[in-house]
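# Coordinate inspection notes
Read off the chains here:
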Amino acid sequence: MSGRTAVLVEGLRKTYGTHEAVVDLDLSVAAGQTYGFLGPNGAGKSTTIGMLCTLIRPSAGRAEVAGHDIARDPDAVRRGIGLVFQESTLDGELTAEENLRFQADLFGMPRPLARRAIAELLDLVELTPRKDSPVRTYSGGMRRRLEIARGLLHTPRVLFLDEPTTGLDPQTRVAIWEHLHRLRAEQEITVFLTTHHLEEAEHCDRMAIMDRGQLVVEGTPAGLKGVVGADLVVLRTGDDEEAARSVRERFGIEAEAGADGVRLRTPDGAGFVPRLCAELTVPVHAVTVTPPTLDDVFLHYTGRTIREADGPQQPAFGPRR
Amino acid sequence: MAQTDVHGPPTTKAGPPGPTAPWAAGPDRAFTRDLRTVKVLWRRETIRFGRNKLRIAMGMVTPLMFLLVLGTGLNSALSEDSLRDFRAFLFPGVVLMSVQAPAIAVGASIVWDRRSGFLRQMLVAPVRRSAILVGTCLGGATSGAAYGVLILLLGPVAEVPYRPGLLLVLLQVVLVSFAFTALGVAAAVCIRRPETFQVAVSLCMMPLFFLSGAMFPADGLPGWLGAAVRLNPLTYAVDALRRTMPGDGSAAMGDRAASPEWWGWTPPVLVETGLIAALAVLALAVATRRFSRVE
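Residues numbered from 1 in each chain as written. Chains lettered and ligands numbered in written order. Predicted model: local features only at pLDDT ≥ 70, side-chain atom pairs only at ≥ 80, totals over all residues.

### Some details on the overall build of chain A
The number of helices and strands found in chain A is 12 helices and 14 strands. C-alpha extents for chain A along the principal axes are approximately 75 × 45 × 40 Å. By residue count, 45% of the 321 residues in chain A fall in the buried class. Of the contacts formed within chain A by residues at least 6 apart in sequence, a portion of 70% connects residues at least 24 apart. (Helix = DSSP H or I, 4+ residues; strand = E, 2+ residues; numbered from the N terminus. Buried ≥ 20, exposed ≤ 12 C-beta atoms within 10 Å, placed from the backbone. Contact = placed C-beta atoms within 7 Å.)

This is the structure in structure tokens:
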């Protein structure tokens, strides 16, 4: 057992028939980190979470979560983790408070403690005023907040969030992340989340890119972007073809004239622009400099953009009857 | 469950600072935990049941139609000598019918829980899956029995007087509705699509009810029908209820014996009740087996 490791994965593998959902995954998440698992639909993220949460039995390999082996001591793992699934998993007939109490009772929390924890968490996710309404009357964002509260109820060491903001509007998405950040500030908890929203991976301390069941690359968001390295510079000029040719000739940089202007990549985009404008003979109308995005990172490592890779939605937990 | 670090400082080096909540690692006996799980699931089902007043009212419509409309209608249509009171004869079947729908509905909740994901949320709790099923079945038994009580209150309409014997009937009603829920749960665990489940249930319930001796005496039927009725477990539930019920339901159809016979032998009520209990246990066992499988 390694010190202060919240999630440790060694050679984890899951096959459904001939389909390899997860292939020889190795992973280590330090305690207290927010760890992002990025990949297109069907990359094996949900299957991985399913295995780490003891819902799916691995075909091979081992993993330790919150200090316990997922195969040997699943109950201890379950006590140590909180879980928010991709889809809403609340009982719509019950109120928010009843949903939370159900969870507290399932985990065997003593009543007074549960009452206090429920009140605090409802406050944290700002649902106290609505705590007695049936959950079916809640909006998507409210449900999500309630689910996060439920995931935290038994004070887990690791909180798993499977696509925590899928299906929410951008505003709600921002609000959910605000809640998560507040949570991280208040409780020392490891957060392990999957997403196929690149911008969400930016919230993470470390992240891994998964594609076709395999871990492609792992590192900090900044580090991964550093590997790709180059800023994207887009120019609008009086004559794009001429400008592109000049850039190629004078700076030796690959540049292309396209529908939206001249596109080129260079490590220090902002520093490059003044030199560029001085050298170019054609009039420059506008310049934009974009630092590398995670989409670029994904493209760099997999040869596809994440949107191209987003195939048809795969069943989250293996084949269904 | 093996708990190595129950007391003392956490021996695991993993995890963020701050121990896991002390109660979470407490010396939680497996049995206490199962019992708690059963209780939690039972309470959930009863809360859900009580909350849906409209469904309760709707559930009463069909049984009442049978008892008041069909019963009264046939009473006046059939000749006096073959029948004394059809409503009295029909009453146990009506009770069964009222119990059946809510019990099956609770079984169906497992299918919906699977679709809504709520099931998965339960499965990741540190509880035994069989305890989840038992709790759900007890919840269904309670909901079913609640309907049963409502119908039993109408007893005097069908010449079933209020007698202490009704308490025995109530026990049977609880058993029968537990069996129904267990069957529903077993079906729900095996059939994963709500649509398929609905079709399967409605396909089964009608024949089961018609072939149960609820509406005509189970004995002395033409060969094929008699065989089907004798094979139907519901037959024994109806008959046990009818024979336990105060009043005169068994004799309400005149001289024809209402009870099923096995090669000239009429199984006693205790055997019939035992059959239902065995069916419930079997269904629960099948359900637990399927349900406990990890993908």
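### Overview of helix H3 (residues 96-106) of chain A
A large share of H3 of chain A lies buried, amounting to 10 of its 11 residues. Those residues of H3 of chain A not exposed but buried are Ala96, Glu98, Asn99, Leu100, Arg101, Phe102, Gln103, Ala104, Asp105 and Leu106 of chain A. Elements in contact with the buried residues of H3 of chain A: helix H4 (111-124) and helix H5 (140-152) of chain A together with helix H1 (30-51) and helix H4 (118-123) of chain B. Positive backbone phi, approximately 70°, marks Gly108 of chain A, located one or two places after H3 of chain A.

### Quick word on the sheet that holds strand E4 (residues 60-65) of chain A
Strand pairing in a sheet relies on backbone hydrogen bonds, with the paired strands running either antiparallel or parallel. Residue and element names in this part refer to chain A. Across the sheet, four strands lie side by side as E2-E1-E4-E5; this open sheet has antiparallel pairing. The strands lining the two open edges of the sheet, one partner per strand, are strand E2 (19-30) and strand E5 (68-69). With five bridges connecting them, strand E1 (residues 5-16) and E4 associate as antiparallel partners. In the strand pairing of E4, Arg13 is matched with Ala60. (Pairing = 2+ DSSP bridges.)

### Describing the UniProt feature "domain: ABC transporter" (unreviewed entry) in chain A
When the UniProt feature table is mapped onto this chain, "domain: ABC transporter" (unreviewed entry) is found at residues 7-237 of chain A. Secondary structure across residues 7-237 of chain A comprises 35% helix and 30% strand; the distance between its end C-alpha atoms is 51 Å. (UniProt positions renumbered as here; feature names shortened; annotations may be inferred.)

### Observations concerning the domain arrangement of chain A
Along its sequence, chain A is organised into domain 1 (5-224) and domain 2 (230-291). The C-alpha centroid of domain 2 of chain A is placed 44 Å from the C-alpha centroid of domain 1 of chain A. (Domains from an automatic or database assignment.)

### Considering the sheet that holds strand E7 (residues 158-162) of chain A
Residues and elements named next belong to chain A. Strand order in the open sheet formed by six strands is E6-E7-E8-E3-E9-E10, with mixed pairing between adjacent strands. Both outer strands of the open sheet, strand E6 (81-84) and strand E10 (214-219), are each paired with one neighbouring strand and no more. For this sheet the average axis-to-axis angle between neighbouring strands, irrespective of direction, equals 15°. By the bridge criterion, five bridges tie strand E3 (residues 34-38) to strand E8 (residues 190-195) in an arrangement that is parallel. (Axes fitted to C-alpha atoms, helices over the stretch in contact; angles between N-to-C directions.)

### Focus: the nonpolar core
Nonpolar side chains tend toward joint burial in soluble globular proteins. Core analysis: the largest hydrophobic core is formed by 145 residues, its most contacted members being Phe160 of chain A together with Leu96, Ala179 and Ala182 of chain B. It is helix H3 (residues 86-116) of chain B that provides the largest number of residues to this core, a total of 18 residues. In contact with Leu96 of chain B, other than residues within four places in its own chain, are Val176, Ala214, Leu234, Ala237, Val238 and Leu241 of chain B. Within the second largest apolar cluster, eight residues are counted, among which are Val233, Val247, Val262 and Leu264 of chain A. (Core = buried A, V, L, I, M, F, W, Y, C linked by C-beta atoms within 7 Å.)

### Brief notes about H1 of chain B
Compared with an ideal rise of 1.5 Å per residue, which puts 22 residues at 32 Å, H1 of chain B spans 32 Å between its outermost C-alpha atoms and is within 8% of the ideal. Regarding H1 of chain B, the residues found buried are Thr37, Val38, Val40, Leu41, Arg44, Glu45, Arg48 and Phe49 of chain B. The buried side chains of H1 of chain B occupy one side of the element, clustering within an arc of 170° when seen end-on. Those residues of H1 of chain B that are exposed and aimed more than 90 degrees away from the buried face are Phe31, Thr32 and Gly50 of chain B. Contact partners of the buried residues in H1 of chain B: H3 of chain A together with H3 and helix H5 (129-152) of chain B. (Expected span 1.5 Å × (residues − 1). Arc of directions from axis to C-beta.)

### Quick look at unusual backbone geometry
All names here are of chain A. Phi is positive for Asp24, close to 40°, though the residue is something other than glycine. Positionally, Asp24 belongs in strand E2. The backbone phi angle of Arg212 is positive, close to 50°, even though this residue is not glycine. For Arg212, the location among the structural elements is in the loop between strand E9 (206-211) and E10.

### A word on the environment of His19 of chain A
Its location among the elements puts His19 of chain A in strand E2. When the C-alpha atoms of His19 of chain A and Pro267 of chain A are compared, they prove to be 40 Å apart, with 248 residues separating the residues in sequence.

### Observations regarding the environment of Phe178 of chain B
Residues and elements named next belong to chain B. Counting through the fold element by element, Phe178 comes out in helix H6 (residues 165-190). Take Phe178: there are 26 C-beta atoms within 10 Å of it, and that puts it in the buried class. Residues Phe178 and Gly140, spaced 38 residues apart in sequence, show a C-alpha to C-alpha distance of 6.5 Å. Not counting the four nearest positions on each side in its chain, Phe178 is found in contact with Cys137, Ala141 and Ala280.

### Focus: the pairing of E2 of chain A
The side chains of a regular strand alternate between the sheet's two faces. All names here are of chain A. Pairing analysis gives eight bridges linking E1 to E2, with the strands arranged antiparallel. Bridge pairing in E2 places Val7 opposite Val29. Linking two consecutive strands that pair antiparallel, namely E1 and E2, is a turn of two residues; a positive phi of about 60° is found at Gly17 within it.

### Focus: the packing of H5 of chain B against helix H10 (residues 269-291) of chain B
Between two packed helices, the angle of one axis relative to the other and the distance separating the axes together describe the packing. Residue and element names in this part refer to chain B. The contact between H5 and H10 brings their axes to 9 Å, and the two run at 140°. By the angle between their axes, H5 is oblique relative to H10. At the point where H5 passes H10, the crossing takes the right-handed sense. Judged by residue contacts, Arg129, Ser130, Leu133 and Cys137 of H5 engage Leu284, Ala287, Thr288 and Phe291 from H10. Considering only residue class, the contact of H5 with H10 consists of five nonpolar, two polar and one charged. (Parallel < 35°, antiparallel > 145°, perpendicular 65-115°, else oblique. Left-handed = near helix turned anticlockwise from the far one by under 90°. Nonpolar A, V, L, I, M, F, W, Y, C, P; charged D, E, K, R; others polar.)

### Looking at the packing of H3 of chain B against helix H7 (residues 194-210) of chain B
Residues and elements named next belong to chain B. Running from amino to carboxyl end, H3 crosses H7 at an angle of 165°, the nearest separation of the two axes being 10 Å. By the angle class used here, H3 and H7 are roughly antiparallel. Crossing hand, H3 versus H7: right-handed. Here Met97, Gln100, Ile104, Ala108, Val111, Trp112 and Arg115 of H3 lie close against H7, whose contacting residues are Pro194, Phe197, Val201, Met205 and Phe209. A class-by-class count of the residues in the contact of H3 with H7 yields 10 nonpolar, one polar and one charged.

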